[in-house]
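Fold and geometry: a report
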Amino acid sequence: GGEGTLATLDEGINLGGSRPLDLTLDRNVAVSSGDAKAQYEAGYEAIVRGDYAFAQEQFQQFVELYPNDPQAPDATNWLGEALIQQGQYDDAALLLAEGYKKYESDRRAPDLMLKLGVALNGTEQKELACRTFFTLEKRFLDLSAAFKQRLAEEKSKAQCPV
């Protein structure tokens, strides 16, 4: 039985043709929550070790494949972080703005908004970055001391008025 399978596989792969090989997952096949957990963990481990390109790939796939997973806001946050760390500020700002709109009532909303301000500052939109930081302070009153410290540092980097 192996020859028929190999022949079918050979017909499906067109190395000399003009179409690239499609290695994407079949979107019609249901993916399990175990797959989501493994994908998230792979991305998070990459963030921790500073492999931002791999983290970007993992979290990009996660948000595409599991948009309604409970960890989607976290994945969006970490994808934004991976983009920022690679200097991809425009992409990060767009992703984080959309993520904030989608998850504005999630516990990750302050993180998304903070990173949005960081990304905007990276795109040289300092005034918009400062407005984002000030809105964050007004909207979320129960921020931790560590978060407030990071926010103050980012406001200083953006040279926001006091």
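About the cut-offs
Residues numbered from 1 in each chain as written. Predicted model: local features only at pLDDT ≥ 70, side-chain atom pairs only at ≥ 80, totals over all residues. Heavy atoms only, no water. Helix = DSSP H or I, 4+ residues; strand = E, 2+ residues; numbered from the N terminus. Buried < 20%, exposed > 50% of the residue type's maximum accessible area, 1.4 Å probe, protein only. Areas by Shrake-Rupley, 256 points an atom, 1.4 Å probe, with all protein chains shown as cover. Core = buried A, V, L, I, M, F, W, Y, C linked by side-chain atoms within 4.5 Å. Disulfide = S-S within 2.5 Å.

1. What to know about the overall build of the protein
Summing up its helical and strand segments, the protein has eight helices and zero strands in all. Along the protein, helices and strands appear, N-terminal first, in the series α-α-α-α-α-α-α-α. Scored against the burial criterion, the 162 residues of the protein give a buried share of 38%. Working note: accessible area of the protein is about 10200 Å², and carbon and sulfur atoms make up 51% of it.

2. Here's the deal with the nonpolar core
The biggest cluster of nonpolar side chains holds 40 residues, and the ones touching the most others in it are Phe59, Phe62, Leu96, Phe133, Leu136 and Phe140. At the level of secondary structure, the elements contributing two or more residues to this core comprise helix H2 (33–49), helix H3 (52–65), helix H4 (72–85), helix H5 (89–102), helix H6 (109–122), helix H7 (126–139) and helix H8 (145–157). Counting residues per element, this core draws most heavily on H6, at eight residues.

3. Quick notes on the state of the cysteines
Scanning the entire structure with this criterion turns up one disulfide. Put simply, Cys130 and Cys160 are joined by a disulfide, and their sulfur atoms are 2.1 Å apart. Sign of the S-S torsion, about -95° for the bond between Cys130 and Cys160, identifies this disulfide as left-handed. Here Cys130, found in helix H7, pairs with Cys160, found in the segment after H8; they are 30 residues apart in sequence, far enough to count as distant. Each of the two residues, Cys130 as well as Cys160, counts as buried.

Note that every value here comes from positions in space, so none of it alone points to a role or purpose.
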